[in-house]
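Survey of secondary and tertiary structure
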Amino acid sequence: MRYRQIAGTDISVSEVGFGVWTVSSGWWGEFTDDQAVALLRQARDLGITLFDTADTYGNGRGESILKQAFTPSERDGLIYSSKFGYDWKNNEERRPGHREAPHRFDVPFLQSALDEALDRMGTDHLDVWQMHNVRQSHLEMDDVWTFLDKAKQAGKVRSIGVDCDGDTVLLMVDQIDGACHTGDRTCFDAVRVELADG
């Protein structure tokens, strides 16, 4: 396995990550907890250190399955990346296919989302916490960035990310003079820094 460092951080991740939604959402078949845990542990044994999930995957299951898979002592050396921004708890009915729940980014919601994610994963910090499938207007919310900065300062989040579709990434790359070079799915702290300075 090869590893890379996330630009602007001290976080090293495996080039291949495990997308936890595949075993937690039911969109690619049903997996029991035992099956999901076995796959996560096998991935770790093969050198994968990046486990990417979201609070909305399986209505929290995408995060809680990590707590089942890895003990607190095994957490060291693993990179937990999760996403936030969908108000799935107030819209818990099963959404067929990839239908989105409404977005929500007010500060009380963000605080609750972070605390609950940490609890579900059984950890005191997230290595990467990403705004989930955001729109341009979400990136312009100063309260969100202020909250995220405070979460980093408190040690609850090591790196802030933006998970977005290709059109949003292209728009952001134009705005930040090409600082985002991570493909069309995830832009990390470099985006935050450049947006703040721009």
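We now turn to the structure provided with this report.

**Concerning the nonpolar core**
Membership of the largest hydrophobic core comes to 37 residues, with the highest contact counts inside it found for L40, F51 and W129. At the level of elements, α2 (33-45), α3 (61-69), β5 (79-84), α5 (107-121), β6 (126-132), α7 (142-153) and β7 (157-163) are the ones that each hand at least two residues to this core. Sort the elements by how many residues they give to this core and α5 lands first, with seven residues. Setting aside residues no more than four positions away along its own chain, L40 makes contact with F18, V20, F51, I65, L66, A69 and F70.

**What to know about the pairing of β5**
Most of β5 sits inside the fold, with six of its six residues counted as buried. Sheet analysis places strand β4 (residues 50-52) next to β5, joined by three bridges and oriented parallel. Across the sheet, residue F51 finds its bridge partner in β5, namely Y80. Of the pairings in the sheet, the one linking β5 to β6 comprises four bridges and is parallel in character. In the strand pairing of β6, K83 is matched with Q130.

**So, the packing of α5 against α7**
Across the interface, α5 lies against α7 with an axial gap of 10 Å and an inter-helix angle of 35°. Our pair here, α5 against α7, has a crossing hand that is right-handed. Where α5 abuts α7, its residues V107, L110, Q111 and L114 lie against D143, V144, F147 and A151.

**Comments concerning the pattern of salt bridges**
Inspection of every chain in the model, using the stated rule, returns 14 salt bridges. Of the charged contacts in the structure, one is a salt bridge between D52 and K83, with a shortest N-O distance of 2.6 Å. Linking D52 in strand β4 with K83 in strand β5, this pair joins segments that are 31 residues apart in sequence. The shortest N-O distance in the salt bridge between R120 and E63 comes to 2.7 Å.

Cut-offs used in this document
- Residues numbered from 1 in each chain as written.
- Predicted model: local features only at pLDDT ≥ 70, side-chain atom pairs only at ≥ 80, totals over all residues.
- Heavy atoms only, no water.
- Core = buried A, V, L, I, M, F, W, Y, C linked by side-chain atoms within 4.5 Å.
- Buried < 20%, exposed > 50% of the residue type's maximum accessible area, 1.4 Å probe, protein only.
- Helix = DSSP H or I, 4+ residues; strand = E, 2+ residues; numbered from the N terminus.
- Contact = heavy atoms within 4.5 Å.
- Pairing = 2+ DSSP bridges.
- Axes fitted to C-alpha atoms, helices over the stretch in contact; angles between N-to-C directions.
- Left-handed = near helix turned anticlockwise from the far one by under 90°.
- Salt bridge = Lys/Arg side-chain N within 4 Å of Asp/Glu carboxyl O.

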